[in-house]
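Fold and contact review
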Amino acid sequence: LPNTIDLVIDSAYQIGAVGDLPAIRGTAIQEARGRFVPEFFAEVSVEEIDDVATSPAIAGGADRVLTDETDAEFGVRSRLITGGEISLSQRFTVTDTNRTTFIPGEQTTSETALTYVQPLLRDSGYTYNDAPRRIANMDTQNAIEEFHRQSEAHLLEVERAYWNLYVARAVYIQTTHLASHGDRIAGQIGNREGIDADPVLANRARATAQRWRADLVRAQAAVENAEFRMAALVNDPRYGPANVE
């Protein structure tokens, strides 16, 4: 029986199917924790302005006021368990314009920013933001308990099938001996039927022997059913019609 249990744990499809459930539920825990993992970001924007010069002095005598501005920002940010968000970023802005008020006409500026935003009401607080992780933990624990329940139920069925097979084989052996004795006794009485055996007794002996022979067929069918039941529960490739064990 211990060897059979080992085969069930290693090969049974039912155990494998219910065993995937805790792993699937466990991904929700990682997903909930992933909300607070720092992430890198980068943003680039390009803006082009082409306006009519309302005065020659605005664009140094040009008819149009042209401005090209490229803005690039990158950094790292992370949500906090309190509901806030903290970020560290670096911004570069490149401006090229013909405006006379913008001296020099081509400039690059940079800005380093450390930002912390904490909501006071909506989505704030440790309890609120930690709720998805706690719910995921409970779902995972429920999945583990369900896995235990279904695994124990399956192993119980395996043990029941094991002992049913044991009993079926014991009954088959006993019925085989009984049928052989019945055939021998019926033959002995039949041989003495014309001498000193009662014909009614001889017929009764033959009928009993046939009944025991029918019981033997049923016992053999019960053994085969028990073997196939065992093979279906274990799911080991070595368990089959040609080689049950």
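Located above this text is the structure these notes cover.
Residues numbered from 1 in each chain as written. Predicted model: local features only at pLDDT ≥ 70, side-chain atom pairs only at ≥ 80, totals over all residues. Heavy atoms only, no water.

Some points on a nonpolar patch on the surface
Judged by side-chain polarity, Ile 86, Leu 88, Leu 114 and Tyr 116 come together as a nonpolar surface patch covering roughly 410 Å² of accessible area. Contributions of two or more residues to the nonpolar patch are made by β3 (85–97) and β4 (106–117). With respect to the secondary-structure elements, Leu 114 resides in strand β4. Judged by its relative accessible area of 67%, Leu 114 is exposed. (Patch = residues over 30% accessible without salt bridge, like charges linked within 9 Å, V, L, I, M, F, W, Y side chains within 5 Å. Areas by Shrake-Rupley, 256 points an atom, 1.4 Å probe, with all protein chains shown as cover. Salt bridge = Lys/Arg side-chain N within 4 Å of Asp/Glu carboxyl O. Helix = DSSP H or I, 4+ residues; strand = E, 2+ residues; numbered from the N terminus. Buried < 20%, exposed > 50% of the residue type's maximum accessible area, 1.4 Å probe, protein only.)

Observations regarding helix α2 (residues 13–34)
Spanning 22 residues, α2 covers 32 Å between terminal C-alpha atoms, matching the ideal 32 Å at 1.5 Å per step. Turning to α2, its buried residues number three or more, namely Ile 15, Val 18, Pro 22, Gly 26, Ile 29 and Ala 32. Along the axis of α2, the buried positions cluster into a sector of 100 degrees, meaning they face one direction only. α2 presents Tyr 13, Ala 17, Ala 23, Ile 24, Gln 30 and Glu 31 as exposed residues on the side facing more than 90 degrees away from its buried surface. In this structure, the buried side of α2 is in contact with α1 (2–11) and α3 (126–191). (Expected span 1.5 Å × (residues − 1). Arc of directions from axis to C-beta. Contact = heavy atoms within 4.5 Å.)

Let's talk about the side chain of Ser 89
Of note, Ser 89 is situated in strand β3. Engagement of the side chain of Ser 89 in a polar contact is seen with the side chain of Glu 73, the distance being 3.1 Å. In contact with Ser 89, other than residues within four places in its own chain, are Phe 41, Glu 73, Phe 74, Gly 75, Glu 111, Thr 112 and Ala 113. (Polar contact = N/O pair within 3.5 Å; in protein donor to acceptor, adjacent residues only side chain to side chain.)

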